[in-house]
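Commentary on secondary and tertiary structure
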2 protein chains.
Amino acid sequence: MSEQISSGFLIKQRAFLKLYLITLIENKYLYGLKLRDLLKDEFKELGFQPKHPEIYKALHDLMEQGIIYQRKEKKQGTVYQEVVYYHFTDEGREKASAYKKLLKHELDRCIHLLQKAVKDNFY
Amino acid sequence: MSEQISSGFLIKQRAFLKLYLITLIENKYLYGLKLRDLLKDEFKELGFQPKHPEIYKALHDLMEQGIIYQRKEKKQGTVYQEVVYYHFTDEGREKASAYKKLLKHELDRCIHLLQKAVKDNFY
DNA sequence: AGATGAACATAGTGTTCATTT
DNA sequence: AAATGAACACTATGTTCATCT
């Protein structure tokens, strides 16, 4: 059912993106492609360019987990167009914070793994 | 042809293992399954349990890159059995060190990516 | 053209199987 | 049984396509 965060090696891109999307939905009002644009820009210097289907799949995962839901709304700006914005469900914030806690441990584990590799192979 | 180290997100397990295998071949005299045992043990606490086919594929990659070659030798110990040990080719050490330099940058990039995620989502 | 999403293709890795010693 | 490796299967992700505004 619910996807894996990792398989013991490093965190999966999907989980990584879900973490960011939760934080972005908490703090910004953006629809799918704009979320991708923001993330692309954010990671540009680190060479990571998330693709739009991954963003959508991550958002759909968060919906399946009952954390967010989507609402079609008029695009903010000049042209009339309906786009999909995301909002937390009633229990969404709580679930999100549980997920984030999980991810925090996972990120720490991954950082340790990589730092260990630097230590073991270069010093 | 030669495999990718990453796709812009995190380093691939294969590349990660190749780095370790180079270092192990530099410093120890072990055949395939023993290399896996050692790595399994090394990463046990971090929840990473590399599987034997991945180890073999990583070793085969290093051979295709002309860094190492294999030599069947009698297993060190009591029972007579031929196992496969790995040695650096003539240009192997140089190539290995070039590969390691590459991987060092990749590891650093990945660490930054993960540390950024911690910063962006938890502080 | 921009936005959403599905469909399809590929790649990376894991599980199982075959062979030999 | 231990060791090596191939074959096969599955999952994660990327590329392309379809639809709608």
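Here's what I pulled together on the structure shown here.

The rules behind these values
Residues numbered from 1 in each chain as written. Chains lettered and ligands numbered in written order. Predicted model: local features only at pLDDT ≥ 70, side-chain atom pairs only at ≥ 80, totals over all residues. Heavy atoms only, no water. Near = heavy atom within 4 Å. Polar contact = N/O pair within 3.5 Å; in protein donor to acceptor, adjacent residues only side chain to side chain. Helix = DSSP H or I, 4+ residues; strand = E, 2+ residues; numbered from the N terminus. Nonpolar A, V, L, I, M, F, W, Y, C, P; charged D, E, K, R; others polar. Expected span 1.5 Å × (residues − 1). Contact = heavy atoms within 4.5 Å. Buried area = accessible area lost by both parts, 1.4 Å probe. Salt bridge = Lys/Arg side-chain N within 4 Å of Asp/Glu carboxyl O. Axes fitted to C-alpha atoms, helices over the stretch in contact; angles between N-to-C directions. Parallel < 35°, antiparallel > 145°, perpendicular 65-115°, else oblique. Left-handed = near helix turned anticlockwise from the far one by under 90°. Least-squares fit on C-alpha atoms with pLDDT ≥ 70 in both. Buried < 20%, exposed > 50% of the residue type's maximum accessible area, 1.4 Å probe, protein only. Pairing = 2+ DSSP bridges.

**A few points about the protein's contact with DNA strand D**
- Around DNA strand D lies a shell of 24 residues, among which Gln13 of chain A together with Tyr31, His52, Tyr56 and Val84 of chain B are the nearest.
- Sugar and phosphate atoms constitute 69% of the interface atoms of DNA strand D, taking the interface as everything within 4 Å of the protein.
- At a separation of 2.8 Å, a base oxygen of DNA strand D approaches a polar side-chain atom of histidine 52 of chain B.
- Between DNA strand D and valine 84 of chain B, the relevant distance is 2.9 Å, taken from a phosphate oxygen to a main-chain nitrogen or oxygen of the residue.
- If you list the elements that add at least two residues to the surface near DNA strand D, you get α1 (13-27) and α3 (52-64) of chain A together with α2 (32-43), α3 (52-64) and β2 (82-88) of chain B.

**A word on the protein's contact with DNA strand C**
- What surrounds DNA strand C is a group of 24 residues, the closest being Tyr31, His52, Tyr56 and Val84 of chain A together with Gln13 of chain B.
- Here arginine 14 of chain B contributes a backbone N or O atom positioned 3.3 Å from a phosphate oxygen of DNA strand C.
- Elements that contribute at least two residues to the surface near DNA strand C include exactly α2 (32-43), α3 and β2 (82-88) of chain A together with α1 (13-27) and α3 of chain B.
- Grouping the constituent residues of the surface near DNA strand C by class yields eight nonpolar, nine polar and seven charged.

**Regarding α2 of chain A**
- Given a rise of 1.5 Å per residue, 12 residues ought to cover 16 Å, and the 17 Å separating the end C-alpha atoms of α2 of chain A matches this to within 8%.
- The inward-facing, buried residues of α2 of chain A abut α1, α3 and β2 of chain A together with α4 (92-122) of chain B.

**Some remarks on the interface of chain A and chain B**
- Listed by partner, the interface residues are 33 residues for chain A and 33 residues for chain B.
- When chain A packs against chain B, the two sides together hide about 3100 Å² of surface, and 74% of this comes from carbon and sulfur.
- In this assembly, chain A and chain B are joined by two salt bridges.
- A salt bridge links glutamate 42 of chain A to lysine 116 of chain B, with the nearest nitrogen and oxygen atoms 2.7 Å apart.
- In this assembly, chain A and chain B are joined by 10 residue pairs in polar contact (both at pLDDT 80 or more).
- The set of elements that each furnish at least two residues to the side of chain A that touches chain B consists of α1, α2 and α4 (92-122) of chain A.
- With 17 residues, the top contributor of residues to the side of chain A that touches chain B is α4 of chain A.
- Here the residues of the side of chain A that touches chain B are counted per class, giving 18 nonpolar, seven polar and eight charged.

**A look at the packing of α1 of chain A against α4 of chain B**
- Viewed as axis vectors pointing N to C, α1 of chain A and α4 of chain B meet at an angle of 25°, and their least axial separation amounts to 10 Å. In terms of orientation, α1 of chain A and α4 of chain B fall into the roughly parallel class. Crossing of α1 of chain A against α4 of chain B: the hand is left-handed. Residues Phe16, Leu19, Tyr20 and Thr23 of chain A of α1 of chain A touch α4 of chain B, and the partners they reach there are Leu113, Leu114, Lys116, Ala117, Asp120, Asn121 and Phe122 of chain B.

**Some remarks on the relation of the copies chain A and chain B**
- Relative to chain B, chain A is turned by 180° and slid 0.0 Å along the rotation axis, the superposed coordinates differing by an RMSD of 0.0 Å. Such values leave the two copies arranged in the relation of a two-fold axis. Residue isoleucine 111 of chain A of chain A places its C-alpha closer to the rotation axis than any other residue of that unit, at 3.0 Å.
- When the interface residues of chain A are mapped onto chain B, 100% of them are again interface residues, pointing to one common binding face.

**Quick word on the pairing of β2 of chain A**
All names here are of chain A.
- Within β2, five of the seven residues are buried, leaving the element largely enclosed by the surrounding structure.
- In this structure, strand β1 (residues 68-74) lies alongside β2, joined through seven bridges in antiparallel fashion. Looking at β2, one finds that glutamine 70 is bridged to tyrosine 86.

**So, the pattern of salt bridges**
All names here are of chain A.
- The final tally for this structure, using the stated rule, is 28 salt bridges over all chains.
- Aspartate 61 is the partner of lysine 18 in a salt bridge, and the nearest nitrogen-oxygen pair spans 3.8 Å. With lysine 18 in helix α1 and aspartate 61 in helix α3, this pair connects stretches of sequence that are 43 residues apart. There is no split in this pair, since lysine 18 and aspartate 61 are both buried.
- Aspartate 120 is the salt-bridge partner of lysine 116, the closest N and O atoms lying 3.0 Å from each other. Of this pair, lysine 116 and aspartate 120 are both found in helix α4, four residues apart, which corresponds to roughly one turn of the helix.
- The class for lysine 116 is buried, based on a relative accessible area of 15%.
- By relative accessible area, which is 23% here, aspartate 120 ends up partly exposed.
- Within the structure, one salt-bridge network assembled from shared partners comprises Arg14, Lys18, Glu54, Lys57 and Asp61.

Note that all results are geometric; they support no functional claim without further evidence.
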